[in-house]
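Inside the fold
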Amino acid sequence: MSREAYRWRKKLICLGLACLMFLSGSLAACGRQTEQSAYHIEYLNKDKNRLVEEPYEPSATDTDGMIKEFLAKLSSDSDNVDYRKPIPNDVEITNYSLDGVLLTLHFDEDYSKMSAVDEVLCRAAVVRTMTQIDGVDCVAFYIGDAPLTDAKGNLVGTMNQDSFIENPGEQINSIQNTTLTLYFSNLDGDGLVKEVREDVYYSSNISMEKLIMEQLLDGPKTKDAKSAIPEGTKLVSVSVVDGVCYVSLDEAFKNQDYKVNEGIVIYSIVDSLSELSTISKVQISVNGDTSGVYRDNFPLADMYDRNMDYVTGAESAFSETEEPTETD
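Read on for a plain summary of the structure. All chains use their own residue numbering, which begins from 1 and follows the written sequence. At least 70 in pLDDT is required for a residue's local features to be given in this predicted model, at least 80 for side-chain atom pairs to be given and counted, and no such filter applies to totals for whole chains, interfaces and linings, which use all residues. Water and hydrogen atoms were dropped before computing side-chain values, which therefore reflect all heavy atoms in the structure.

Side note on unusual backbone geometry
Let me state the cut-off plainly: Segments assigned H or I by DSSP are reported as helices when at least four residues long, segments assigned E as strands when at least two residues long, and all are numbered from the N terminus. When a residue's accessible area, from a 1.4 Å probe over protein chains only, is under 20% of the maximum for its type it is buried; when over 50% it is exposed; and in between it is partly exposed.
Even without being glycine, aspartate 199 reaches a positive phi, approximately 55°. Tracing the sequence through the fold places aspartate 199 in strand S8 (residues 192-203). Since its relative accessible area comes to 31%, aspartate 199 is described here as partly exposed. Even without being a glycine, aspartate 242 presents a positive backbone phi close to 55°. Inspection of the secondary structure puts aspartate 242 in the loop between strand S10 (235-241) and strand S11 (244-249). Note on aspartate 242: relative accessible area 42%, which makes it partly exposed.

Here it is, written out as structure tokens:
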């Protein structure tokens, strides 16, 4: 072999080695990107009415180490200033155990002090985050040594990824239109009037349950109906978790208008929201507080099913004719 041929052969070998090193680095980088998206921590959004995900790469590799690490993250602030930690400062996880694929978490008594909406969102965030861990398929909550119960005293039991349902997100800032079925009080205040609103334009930033509540608070469009909700009432928050819609209204909701039957007030909200297929029950609170009774017969802690007994035979149709505007 000539000196020139030897020199070219050496260059080709070096070039081949460089290509192999480049490809190996690229594959390793791809592997790291895959690993970074393998896990996430569930947080609350800024308004604390919906869950949001933040990618996370744990340092631990064993099951117990990842459990400790994920629980610590759920109790810590996110680097994103618009995200809120699901486990509040005053709530502490006192103990946990893993029996087979069941992770049992013991919380202190302060867990019971959370509002109904905060509690359900906290629970959903914890379950969704922890069941990502290999070896954890379901989660059970305890307050001290007692299993968690809902507002009616029923056992919540074990939960998994499928225990919580949320409305799917859509493209931000796109304008859409829909048809809504709403229920308002009749003029006598003793029955509900069904009003179908066609071509209701809204921004996809807003959830359907919030759109319905805003339309109810705006009042009816027809002359044979009036608003059942006390005048001046404002929406504090509304969210849907596990088929239950949690509606929080401000103090003005307590203002009594005895010209409208109390059942008409409750079921104007319940029946309107229950038109959504994602909602099976509705709970109404005042600033997140579910203690007490609305007037005489409707405990705020109860979850109400759809009830069409109050609906009269009258039905009104209304088509929006205004230009579509984006809802904030």
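A few points about the packing of aromatic side chains
Selection rule: Only rings of Phe, Tyr and Trp enter the pairing, Trp through its six-membered ring, and a pair is recorded when the two centres are within 6.5 Å. The plane angle decides the type: under 30 degrees is stacked, over 60 is edge-to-face, the rest tilted.
For the coordinates displayed, the defined rule picks out 11 aromatic pairs. Seen in terms of ring centroids, tyrosine 267 and phenylalanine 298 are 6.2 Å apart; in terms of plane orientation they differ by 75°. Their pairing is edge-to-face. Note that tyrosine 267 is positioned in helix H5 (residues 262-273) and phenylalanine 298 in strand S14 (residues 298-299), a separation of 31 residues in sequence. Between the aromatic rings of tyrosine 267 and tyrosine 310, the centroid separation amounts to 5.4 Å while the plane-to-plane angle is 25°, which identifies the pairing as stacked. Of this pair, tyrosine 267 sits in helix H5 while tyrosine 310 sits in the loop between S14 and strand S15 (311-319), and the two are 43 residues apart along the sequence. By relative accessible area, which is 26% here, tyrosine 310 ends up partly exposed. Through successive ring pairs, a cluster of aromatic residues spans Tyr267, Phe298, Tyr304 and Tyr310.

Observations regarding the sheet that holds strand S6 (residues 146-147)
Heads up, the condition is: At least two bridges found by DSSP between two strands is the condition for calling them paired.
Strand order in the open sheet made by the four strands is S3-S4-S5-S6, with mixed pairing throughout. Where the open sheet ends on each side, the last strands, each with one partner, are strand S3 (93-99) and S6. As paired strands, strand S5 (residues 138-143) and S6 are joined by two bridges and run antiparallel to one another. Within S6, the position partnered with tyrosine 142 by the bridge is proline 147.

Observations concerning the packing of helix H2 (residues 63-74) against helix H3 (residues 116-130)
Here is the rule: Angular values range over 0 to 180 degrees, each being the angle between N-to-C directions of two axes fitted as lines to C-alpha atoms, with helices fitted over their stretch in contact. Orientation categories follow fixed angle ranges, with anything under 35 degrees roughly parallel, anything over 145 roughly antiparallel, 65 to 115 roughly perpendicular, and all other angles oblique. A crossing counts as left-handed when the near helix is turned anticlockwise from the far one by less than a right angle, and as right-handed when that turn is clockwise. Should any heavy atoms of two residues lie within 4.5 Å, those residues are counted as being in contact. Nonpolar residues are Ala, Val, Leu, Ile, Met, Phe, Trp, Tyr, Cys and Pro. Charged residues are Asp, Glu, Lys and Arg, and all others, Gly as well, are polar.
One can describe the packing of H2 onto H3 by two numbers: an axis separation of 10 Å at closest approach and a directional angle of 150°. The orientation of H2 relative to H3 falls into the category roughly antiparallel. Where H2 crosses over H3, the handedness of that crossing is right-handed. Contacts between H2 and H3 involve Ile67, Phe70, Leu71 and Leu74 on the former and, on the latter, Ala125, Val126, Thr129 and Met130. A per-class count over the contact of H2 with H3 returns seven nonpolar, one polar and no charged.

Overview of H3
Selection rule: For a helix, the expected span equals 1.5 Å multiplied by the number of residues minus one.
Across its 15 residues, H3 extends 21 Å between first and last C-alpha, which sits within 8% of the 21 Å expected from 1.5 Å per residue. The buried count for H3 comes to 13 of 15 residues, which makes it a mostly enclosed element.

Description of the side chain of serine 268
Structurally, serine 268 can be placed in helix H5. Every residue in contact with serine 268, bar those within four places of it in the chain, is listed here: Tyr183, Phe184, Leu192, Leu216 and Ala228.

Re the pairing of strand S1 (residues 39-44)
For S1, the tally of buried residues reaches five of six residues, placing the bulk of the element in the interior. Pairing between S1 and strand S2 (residues 51-56): six bridges, direction antiparallel. Following the sheet pairing, leucine 44 is matched in S2 by leucine 51. Between the antiparallel neighbours S1 and S2 lie six residues, among them lysine 48 with a positive phi of about 55°.

Examining the environment of valine 101
Looking at the element boundaries, valine 101 is found in the loop between S3 and strand S4 (102-107). For the pair valine 101 and threonine 131, spaced 30 residues apart in the sequence, the C-alpha separation amounts to 9.4 Å. Other than its neighbours up to four places away in sequence, valine 101 contacts Gly135, Val136, Asp137 and Cys138.

Comments concerning the pairing of strand S12 (residues 281-286)
Convention followed: Note on handedness: a clockwise path from strand one over the helix to strand two, with the strands aimed away from the viewer, defines a right-handed crossover.
With five of six residues buried, S12 lies mostly within the body of the structure. The pairing of S11 with S12 spans six bridges and is parallel. Bridge assignment links valine 244 to a residue of S12, and that residue is lysine 281. As for the winding sense of the linkage, the β-α-β connection from S11 through H5 to S12 is right-handed.

Some words on the packing of helix H4 (residues 208-218) against H5
One can describe the packing of H4 onto H5 by two numbers: an axis separation of 10 Å at closest approach and a directional angle of 145°. Crossing angle aside, the handedness with which H4 passes H5 is right-handed. Contacts from Glu209, Ile212, Met213 and Leu216 in H4 reach Ser268, Ile269, Ser272 and Leu273 in H5. Tallied by class, residues from the contact of H4 with H5 come to five nonpolar, two polar and one charged.

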